[in-house]
Amino acid sequence: MKLVVVSAGLSVPSSTRLLADRLAAATGRYTSVDVQVVELRDLAVEIAHNFTSGFPGRALSAALAAVTEADGLIVVTPVFSASYSGLFKSFFDVLDQDALTGKPVLIAATGGSARHSLVLEHALRPLFAYLRAVVVPTAVYAASEDWGAEGLAERIDRAAGELGRLMEGLGSGSGAGAVRRADAADTADVAETADASVAVEVDTDTAAAIAPRSLDGALASADRFTVIPFEQQLAALRP
């Protein structure tokens, strides 16, 4: 299966890229994956041009295709002004709005202070929920003091395990296509139901009031509940 890692780190070396690599390596211990890393730093100019021209450059096109075709994503951003970076958001702004539908995503962030850890829940999780991705329960935040301290390795392992198991569960055919097929099936079911007669359960007293006008007085007296077709209920309510 294909795992794509999106790293929005700007410096070299980058703690954002370091966290991304550790998350990818941990995921590989739970499921067999081919890892591809997308460094947004290298795509900054093309992302900006895409906003003004409406067309992605060659490198950006390849990155967008990789994300769209991935079986799972790891996305990591540094925290800027108590939120994800502008470069990180811009990349997902130019991505097709259906590209992440049904796709497993592990969200993570790095920052200089633990006080910004809630950026995962207040900014990243709502963003990917809006994009209809399947976000794993455990998000990973790494502050400067977390590197080498207890707890980070455990959070990385727990989140990676959730992503790996989710990718295994959905299978290599997961993602937007599978979800769209499921949505189409649901729509077909709804349409079929709409063509059929709709029936509900009503209690015997209500049925008795409706039955003389809608069912010619025919009522099953042995049961507490009687099924009255919806069209007949409407007819009974008309003056």
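Colleague: Just checking my understanding: could you explain the overall build of the protein chain for this structure?
Modeller: Looking only at helices and strands, the protein chain has nine helices and nine strands in total. In the protein chain, buried positions account for 43% of the 239 residues. Sequence-distant contacts in the protein chain: of pairs separated by 6 or more residues, those separated by 24 or more amount to 75%. Counting every atom, the protein chain has about 12,500 Å² of accessible surface; 54% of that belongs to carbon and sulfur.

Colleague: What is the right way to look at the packing of helix H2 (residues 44-53) against helix H3 (residues 58-69) in this model?
Modeller: In a pair of packed helices, the angle between the axes and the distance between the axes together describe the arrangement. At a minimum axis distance of 9 Å, the contact between H2 and H3 shows a crossing angle of 90 degrees. In terms of orientation, H2 and H3 fall into the roughly perpendicular class. Residue-level contacts link Glu46, Ile47 and Asn50 of H2 to Arg58, Ala59 and Leu60 of H3. Per-class residue counts for the contact of H2 with H3 are three nonpolar, one polar and two charged.

Colleague: How should the environment of Ala59 be read in this particular structure?
Modeller: In this structure, Ala59 sits in helix H3. In sequence terms Ala59 and Val38 are 21 residues apart; their C-alpha atoms lie 10.0 Å from each other. Every residue in contact with Ala59, bar those within four places of it in the chain, is listed here: Leu43 and Glu46.

Colleague: Help me out: how do you make sense of unusual backbone geometry in this one?
Modeller: Excluding glycine, residues mostly have negative phi values, and the peptide bonds linking residues are mostly trans. With an omega dihedral of 0 degrees, the bond running from Val12 to Pro13 counts as a cis peptide bond. Examined against the element boundaries, Pro13 turns out to sit in the loop between strand E1 (2-7) and helix H1 (15-28). Residue Ala82 is not a glycine yet carries a positive backbone phi of 65 degrees. In this model, Arg132 sits at a positive phi of 65 degrees, which is unusual for a non-glycine residue. Mapped onto the fold, Arg132 is located in the loop between helix H5 (119-130) and strand E6 (134-135). The class of Arg132 is partly exposed, set by a relative accessible area of 42%.

Colleague: Would you mind going over helix H6 (residues 152-170) with me for this structure?
Modeller: Compared with the 27 Å implied by 1.5 Å per residue over 19 residues, the 27 Å span of H6 between its first and last C-alpha is a close match. What H6 keeps buried is the set Leu152, Ile156, Ala159, Ala160, Gly161, Glu162, Leu163, Gly164 and Met167. At its buried positions, H6 is contacted by E1, H1, strand E3 (72-80), strand E5 (104-111) and strand E7 (140-143).

Colleague: For this particular structure, what's the right way to read the pattern of salt bridges?
Modeller: Side chains that carry opposite charge are capable of pairing whenever their charged atoms lie near each other. Under the defined criterion, the tally for this structure stands at nine salt bridges. Notably, a salt bridge pairs Arg17 with Asp21, separated by 2.9 Å at the nearest N-O pair. Taken as a pair, Arg17 and Asp21 lie in helix H1 at a separation of four residues, close to a single helical turn. For Arg17, a relative accessible area of 27% gives the class partly exposed. Among the ionic pairs, Arg155 bridges to Asp146, the shortest N-O distance being 3.8 Å.

Colleague: Even after reading the chapter, I still don't get the packing of aromatic side chains, so can you show me in this structure?
Modeller: Think of a pair of aromatic rings as described by two things: how far the centres are apart, and how the planes are tilted against each other in angle. What the rule picks out here adds up to five aromatic pairs. Taking the centre distance of 5.2 Å and the plane angle of 85 degrees together, the rings of Phe91 and Phe92 count as edge-to-face. Here Phe91 and Phe92 have matching classes, each one buried.

Colleague: Just to check I follow, could you spell out the pairing of E7 for this structure?
Modeller: Put simply, side chains in a regular strand alternate between the two faces of the sheet. The alternating pattern of E7 places Val140 and Ala142 on one face and Tyr141 and Ala143 on the opposite face, and all of these are buried. Two elements, E5 and E7, share four bridges in a ladder whose sense is parallel. Within E7, the residue paired with Ala108 across the bridge is Val140.

Colleague: What is the right way to read the nonpolar core from this model?
Modeller: Across soluble globular proteins, you tend to see nonpolar side chains buried next to one another. Grouped together as the largest cluster of nonpolar side chains are 40 residues, with contacts concentrated most on Phe88, Phe91, Phe92 and Phe128. At the level of secondary structure, the elements contributing two or more residues to this core comprise E1, H3, E3, helix H4 (86-94), E5, H5 and E7. Considering each element in turn, this core owes the most residues, six residues, to H5. When sequence neighbours within four positions are dropped, the list of residues in contact with Phe128 reads Val75, Phe88, Phe92, Leu100, Val105, Ile107, Ala133 and Val135.

Colleague: So what exactly am I meant to see when it comes to the confidence of the model for the protein chain here?
Modeller: Low pLDDT means the predicted atomic positions in that stretch should not be read closely. On average, the protein chain scores 82 in pLDDT, and the residues at 70 or more come to 72%. Looking across the protein chain, the model is least confident in strand E8 (residues 199-203), with a mean pLDDT of 43, and most confident in E1, with 98. In the model, residues 172-182 has pLDDT below 50 throughout and makes 14 contacts with residues more than four positions away in sequence or in other chains. Between residues 184-223, whose pLDDT stays under 50, and residues either more than four places distant or in other chains, the model counts 49 contacts.

Calculation notes
- Residues numbered from 1 in each chain as written.
- Predicted model: local features only at pLDDT ≥ 70, side-chain atom pairs only at ≥ 80, totals over all residues.
- Heavy atoms only, no water.
- Helix = DSSP H or I, 4+ residues; strand = E, 2+ residues; numbered from the N terminus.
- Buried < 20%, exposed > 50% of the residue type's maximum accessible area, 1.4 Å probe, protein only.
- Contact = heavy atoms within 4.5 Å.
- Areas by Shrake-Rupley, 256 points an atom, 1.4 Å probe, with all protein chains shown as cover.
- Axes fitted to C-alpha atoms, helices over the stretch in contact; angles between N-to-C directions.
- Parallel < 35°, antiparallel > 145°, perpendicular 65-115°, else oblique.
- Nonpolar A, V, L, I, M, F, W, Y, C, P; charged D, E, K, R; others polar.
- Expected span 1.5 Å × (residues − 1).
- Salt bridge = Lys/Arg side-chain N within 4 Å of Asp/Glu carboxyl O.
- Phe/Tyr/Trp six-rings, centres within 6.5 Å; stacked < 30°, edge-to-face > 60°.
- Pairing = 2+ DSSP bridges.
- Core = buried A, V, L, I, M, F, W, Y, C linked by side-chain atoms within 4.5 Å.
- pLDDT = per-residue confidence, 0-100.

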